[in-house]
Amino acid sequence: MIDVEPLIEESFERMHPVPVVTAEWEDVLRRAGNAPRKPARRRIVLAIALAALAALAVSPLGAAVVRSLGDFSDWISGDPGKPASTSQQQAFAGQEAHSWASFPADTRVRELITTERDGIRYTLFGFRSAEALCLRVVATGAAGAAASSCAPLRDLRSRRQPVLAMEVDQAVGALPGVVRIGPDSFHRVRASMSFGVVADDVEAVTLRSDDKSRNAIVASDSFLSIDERPMPGTRVRAITATMKNGTSTAIPFAQAPFDTLTGTRSASNALHGPTGVERRISGGTIAWLNARKPLGEAWPPSPRDFFAQHGHLLFGRVFRPDPTNTTRIGVSTWDAEPPAPLKPGVYLCYREFSAGGAGGGGCNPLAQAFARSPVNFGITTNDGSDQYSLLDGYASDDVARIDLFLGTGEVVNVPLEHNVFATEFSRAKYPLRVVGYDSHGRVISNDTMMSENRPSGPQYRPKPGAAWRQVARAGNAELWTVPSEADGTCWKLKYSDGSGGSGCLPPSWNGPLRGIEVPFTAGSVIALQAKPAVARVVVAYKSGATDEAIPTDGFVLYAAAASDLVTSFTAYDSNRARLGVLPVKRP
Amino acid sequence: MKWMAFRGASVEEIEKIYRRGLDRFVRAATAIAGSESRGSDAVQDAFASAVRARRSFRGDVPLEAWIWRIVINAAHRVRGDVYEGAELDDVFAPSTNGNAVEDLAVRRWVAALPERQRHVVFLRYFAGLDYRGIATALEIEVGTVSATLAAAHTALRRSIQEVER
């Protein structure tokens, strides 16, 4: 059973984030005829802003630390840029006050780069907290936006490259109208911004996109790049650092995804760490949770919390296992009550409490919480531009240590406190392996993630420059295809109600036909790919009835009868010779 | 003769709800109206309507739920005025940053929902209303809200499985 409510909330959050709005009560009264007339101010103004300096923050960039930490020493121990203005600092502090999982009150923000392009003023801020470095860009003027990212300082200390990209291709504003790419429509953005930090001896940072190369502004040990009015789908494909001595270095980073087809994984990375498990654990508990020991902090009241709306809290505590990150992780037990999407019973739930207010989480029936593994984890990414993701979750009492093996060969000892854990990692470092050990150092859990949520590699990417083509239309659906980089086929099915599906297929397969989308319900639209020898396809129904479909350009899109079930497709060549059968499988 | 008693609402009470929940009102109205500017306009108009009609508020439901009803109707009216016949792509505007697989499933799910169900979903997830609040705002029974969401969740599970396949 898929727990859909968190999914809905997260998807809605991405598709329709809570807008930043300014109250215009006088405008309401004027519209109601209750107020004296005055020069019209346009409805609600979307605030942009410094106020949004919110989500992050930190302590002065100066402070302690040694000077022998390598090329990023200005970031680790110095004071890049200049102090933010009083109003900027106050805006930041004001926003922070509203956040339970906020940065420390004495966080001091530094202004690093300010520039203006196309009527938009961009200001890059930096701040450091404990063991994390954060950057934030605030755009104001003709369009507003704010984006931020934090990196653990360990990434700077161990970094072999002289540049660390922290946000890549973050959208700023939208232009009127839409651009169609194949079956889909996209807004054009006013600008796309990328930023990060640079080592002391970096002379220039060059970003190559699909359509051009440009030099970023490099100042205050940072870089900021603005791509004005890029075409939809245009992405940064390469970042190069040029040193003061003239040498150049390619900078690894995670490309911002576009569309639904591509995953993220660097070709030079590999899976590291132990394989398999040395001891199998069945079941598992969290003793302090069951005994209701008041460790850590109390569970904060959160009436909009998913759990709070579907049951009542039995016991819950919150921890901050990772000192480099302000996100707190809560673990709790809940009694689900009808009416609810959950079956009645006791659930073990965990939840992130992040500075921005958003946070993922999930629930399992308490008795089955560790049925699959003694380590349960999730990965949270703010958006496709942010170069960092958070890995967090909870573990049973059997787990004494958790290691995260990155694709670069680095190993992160994941901070684990009272059975909850969290750590940030670079999205450029897939594939990952998450390994749990018992108190004797034996591997008791072992999970891998080869790429970010979806398959990666050339077979899952449309060929650069290739155009989507509508190959078939039937019922309320259109089938669009484009060749993949690996000479396979990427496809999109688009229904007239706006819904659809997509995927990619390898170049070869067995048999004359293969299914692209083969729903098993009556009345569905079925999409098939046919080899060139296939001249016609006979559709067989459960009732014994048959129908015929003719491939066009190697594809079949067939609107099945609403009152019967399709059982198979049989392919014939132009001489009426039978080439093979594709049965329709039903669960 | 039967007299209908009106409790009425004060401008101050309405203003308090406006200031406290403006972002949620705009978010939900935007989802229904199809764009942030139309959604914002609809919210301003809705609150103006609420101020004008405040004396007719009976007090038999929470004031906020009464206002939600007005906002939903205003957003719907704006959408109908401007975008009659528009596809649901306009409700869930095209992404500027690509779509995650799960977003695709949710988008597909929302697009497939009948209008009344869609309003229930918006009020649940954008407005954060509980079942009773949704029932009041849409003038339906609490049981209908519960059943509607249960059916909608089932449809989404199916949609996710299809997208992931």
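These figures come from a predicted structure and were not determined experimentally.

Asker: Explain the overall build of chain A to me, please; I cannot follow it from the model alone.
Answerer: Helix and strand counts for chain A come out as six helices and 37 strands. The buried share of chain A, taken over its 587 residues, is 54%. Taking the contacts inside chain A whose residues are at least 6 apart along the sequence as the reference set, 58% of them involve residues at least 24 apart. Of the accessible surface of chain A, which amounts to about 24,500 Å², a share of 51% is contributed by carbon and sulfur atoms.

Asker: Help me understand the overall build of chain B, please; the structure alone is not making it clear to me.
Answerer: Helix and strand content of chain B: seven helices and zero strands. Residues counted as buried form 59% of the 165 residues belonging to chain B. For chain B, long-range pairs separated by at least 24 residues make up 67% of all intrachain contacts whose partners lie at least 6 apart in sequence. Here chain B displays about 7,200 Å² of accessible surface, and carbon together with sulfur accounts for 48% of that area.

Asker: Mind showing me how you'd approach the packing of aromatic side chains here?
Answerer: Inspection of every chain in the model, using the stated rule, returns eleven aromatic pairs over all chains. With a centroid separation of 5.6 Å and an interplanar angle of 55 degrees, the aromatic rings of Tyr 350 of chain A and Tyr 394 of chain A are classed as tilted. Remark: Tyr 394 of chain A occurs in strand β20 (residues 388–395) and Tyr 350 of chain A occurs in strand β17 (residues 345–353); sequence separation between them is 44 residues. The same class applies to Tyr 350 of chain A and to Tyr 394 of chain A, which are both buried. Measuring from centroid to centroid gives 5.6 Å for Phe 370 of chain A and Tyr 394 of chain A, while their planes differ by 75 degrees, and the two rings are edge-to-face. One end of the pair, Phe 370 of chain A, is in the loop between β18 (361–365) and β19 (375–381); the other, Tyr 394 of chain A, is in strand β20, with 24 residues separating them in the sequence. Three or more aromatic residues link up through ring pairs in this structure, and these residues are Trp 25 of chain A together with Tyr 18, Phe 25, Phe 47 and Trp 68 of chain B. In this structure, Lys 492 of chain A packs its charged tip against the face of Trp 468 of chain A, placed 4.9 Å from the ring centre. When the ring centre of Trp 509 of chain A is taken as origin, the NZ or CZ atom of Lys 531 of chain A, which lies over that ring, is 5.0 Å away.

Asker: Can you walk me through the pairing of strand β34 (residues 546–549) of chain A in this structure?
Answerer: Two faces belong to every sheet, and in a regular strand the side chains alternate between them. Strand direction decides the pairing type here: strand β33 (residues 536–541) of chain A and β34 of chain A, joined by four bridges, are antiparallel. Across the sheet, Val 539 of chain A pairs through a bridge with Asp 547 of chain A, a residue of β34 of chain A.

Asker: I tried to follow the confidence of the model for chain B on my own but got confused; where do I start?
Answerer: Caution applies to low-pLDDT regions: their predicted coordinates should not be interpreted in detail. Residues and elements named next belong to chain B. Per-chain confidence: chain B averages 71 in pLDDT, with 73% of residues scoring 70 or above. Element-level pLDDT for chain B is lowest in helix α4 (residues 101–112), with a mean of 64, against a maximum mean of 85 in helix α1 (residues 11–33). In this model residues 1–6 is a low-confidence stretch, pLDDT under 50, and it forms six contacts with partners more than four residues away in sequence or in other chains. Confidence drops under pLDDT 50 across residues 81–101; counting only partners more than four residues distant or on other chains, this segment forms 60 contacts.

Asker: I tried to follow the state of the cysteines on my own but got confused; where do I start?
Answerer: Where two cysteines share a covalent bond between their sulfur atoms, that bond is called a disulfide. Residues and elements named next belong to chain A. Taken as a whole and judged by the stated rule, the model has two disulfides over all chains. Between Cys 134 and Cys 150 runs a disulfide, and the two sulfur atoms are separated by 2.0 Å. Because the torsion about its S-S bond is 105 degrees, the bridge between Cys 134 and Cys 150 counts as right-handed. With Cys 134 in strand β4 (residues 132–141) and Cys 150 in strand β5 (residues 145–152), the pair connects residues that are 16 residues apart, well separated along the chain.

Asker: I would appreciate a short explanation of the sheet that holds strand β10 (residues 217–219) of chain A in the present structure.
Answerer: Residue and element names in this part refer to chain A. Taking strand neighbours across the sheet as the criterion, the four strands line up as β6-β7-β11-β10 in an open arrangement whose pairing is antiparallel. What marks the edges here is a single partner per strand, and that holds for β6 (163–181) and β10. On average, adjacent strands in this sheet sit at an angle of 20 degrees to one another, irrespective of strand direction. The pairing of β6 with strand β7 (residues 184–198) spans twelve bridges and is antiparallel. Counterpart to Val 163 in the pairing with β7 is Val 198.

Asker: I'm lost on unusual backbone geometry in this one. Help?
Answerer: All names here are of chain A. A cis amide bond, omega 5 degrees, links Tyr 430 with the succeeding residue Pro 431. The residue Pro 431 is located in the loop between β24 (420–426) and β25 (432–437) in this model. The phi dihedral of Arg 229 falls on the positive side, at around 45 degrees, and the residue is not glycine.

Asker: Looking at this structure, I do not really get the side chain of Asp 155 of chain A. What am I missing?
Answerer: Note that Asp 155 of chain A resides in helix α5 (residues 153–157). The contact partners of Asp 155 of chain A, leaving out residues within four places of it in the chain, are Tyr 388, Glu 410, Ser 426 and Lys 429 of chain A.

Asker: I'm lost on the pattern of salt bridges in this one. Help?
Answerer: In a structure, side chains of opposite charge can pair up when their charged atoms sit close to one another. Residue and element names in this part refer to chain A. Summed over all chains, the structure comprises 21 salt bridges over all chains. Note that Asp 227 and Arg 214 form a salt bridge whose closest N and O atoms lie 3.7 Å from each other. Of this pair, Asp 227 sits in strand β11 (residues 222–228) while Arg 214 sits in strand β9 (residues 213–215), and the two are 13 residues apart along the sequence. Classification of Asp 227 by relative accessible area gives buried; the value is 2%. Arg 214 sits in the buried class, given a relative accessible area of 12%. A salt bridge links Arg 372 to Asp 447; its shortest N-O distance comes to 3.2 Å. With a gap of 75 residues between them, Arg 372 in the loop between β18 and β19 and Asp 447 in strand β26 (residues 443–449) connect regions that are remote in the sequence. A relative accessible area of 59% places Arg 372 in the exposed class.

Asker: Just to check I follow, could you spell out the packing of helix α2 (residues 25–32) of chain A against α1 of chain B for this structure?
Answerer: In helix packing, the relevant descriptors are the interaxial angle and the interaxial distance, both defined with respect to the helix axes. For the pair α2 of chain A and α1 of chain B, interaxial distance at closest approach is 11 Å and the crossing angle is 135 degrees. Between α2 of chain A and α1 of chain B, the angle is such that the two are oblique. Crossing handedness for the pair α2 of chain A and α1 of chain B: right-handed. Between α2 of chain A and α1 of chain B, the residues in contact are Trp 25, Val 28 and Leu 29 of chain A and Val 11, Ile 14, Glu 15, Tyr 18 and Arg 19 of chain B, respectively. The residue inventory of the contact of α2 of chain A with α1 of chain B, partitioned by class, reads six nonpolar, no polar and two charged.

Asker: Is there a simple way to think about the sheet that holds strand β29 (residues 489–495) of chain A in this case?
Answerer: Paired through their backbone hydrogen bonds, the strands of a sheet run either parallel or antiparallel. Residues and elements named next belong to chain A. Strand order in the open sheet formed by four strands is β27-β28-β29-β30, and the pairing between neighbours is antiparallel. Among the strands making up the open sheet, the edge pair consists of β27 (469–474) and β30 (500–505). Sheet twist, expressed as the average angle between the axes of neighbouring strands with direction ignored, equals 20 degrees. In this structure, strand β28 (residues 477–483) lies alongside β29, joined through seven bridges in antiparallel fashion. Counterpart to Trp 480 in the pairing with β29 is Lys 492.

Asker: What's the story with the nonpolar core in this structure? I'm lost.
Answerer: Across soluble globular proteins, nonpolar side chains have a tendency to be buried as a group. Ranked by size, the top nonpolar core spans 57 residues in total, and within it Trp 25 of chain A together with Ile 14, Phe 47, Ile 67, Trp 109 and Leu 123 of chain B carry the most contacts. Elements represented by at least two residues in this core include exactly α2 of chain A together with α1, α2 (36–52), α3 (63–83), α4, α5 (115–125), α6 (131–138) and α7 (142–164) of chain B. Counting residues per element, this core draws most heavily on α1 of chain B, at eleven residues. Ranked by size, the runner-up nonpolar core spans 43 residues in total, among them Phe 72, Val 137, Val 163 and Val 168 of chain A.

Parameters at a glance
Just so you know, the residues in each chain are numbered from 1, in the order the chain's sequence is written. Going through the entries in the order they are written, you letter the chains from A and number the ligands from 1. Given that this is a predicted model, residues contribute local features only at a pLDDT of at least 70 and side-chain atom pairs are listed and counted only at 80 or more, while totals for whole chains, interfaces and linings are drawn from all residues. The side-chain quantities take in all heavy atoms of the structure and omit both hydrogens and water. Starting at the N terminus, helices and strands are each numbered in turn, a helix being any DSSP run of H or I of at least four residues and a strand any DSSP run of E of at least two. Think of it in three bands: residues with accessible area under 20% of the maximum for their type are buried, residues over 50% are exposed, and the middle band is partly exposed, with areas taken using a 1.4 Å probe on protein chains only. Contacts: residue pairs with any heavy atoms within 4.5 Å of one another. In short, Shrake-Rupley with a 1.4 Å probe defines the accessible areas, and a residue's cover is counted only from the protein chains shown. Whether two aromatic rings pair depends on their centres lying within 6.5 Å, for rings of Phe, Tyr and Trp, where Trp uses its six-membered ring; planes under 30 degrees apart make the pair stacked, over 60 edge-to-face, and the rest tilted. Think of it as a cone above the ring: NZ of Lys or CZ of Arg counts as a charge over the ring if it is within 6 Å of the ring centre and within 35 degrees of the ring normal. Here a strand pair is declared whenever DSSP counts at least two bridges between the two strands. Predictor confidence is given residue by residue as pLDDT, running from a minimum of 0 to a maximum of 100. The criterion for a disulfide is a pair of cysteine sulfur atoms lying within 2.5 Å. Fitted lines through C-alpha atoms serve as axes, helices being fitted only where they are in contact, and the angles separating the N-to-C directions of these axes extend from 0 to 180 degrees. Any carboxyl oxygen of Asp or Glu that lies within 4 Å of a side-chain nitrogen of Lys or Arg is treated as forming a salt bridge with it. Roughly parallel means an angle under 35 degrees; roughly antiparallel, over 145; roughly perpendicular, 65 to 115; everything else is oblique. Here is the rule for handedness: rotate from the far helix to the near one, and if that takes an anticlockwise turn smaller than a right angle the crossing is left-handed, while a clockwise turn gives right-handed. Gly is placed with the polar residues, together with every amino acid not listed as nonpolar (Ala, Val, Leu, Ile, Met, Phe, Trp, Tyr, Cys and Pro) or charged (Asp, Glu, Lys and Arg). In plain words, nonpolar cores are sets of buried Ala, Val, Leu, Ile, Met, Phe, Trp, Tyr and Cys residues tied together by side-chain atoms within 4.5 Å.

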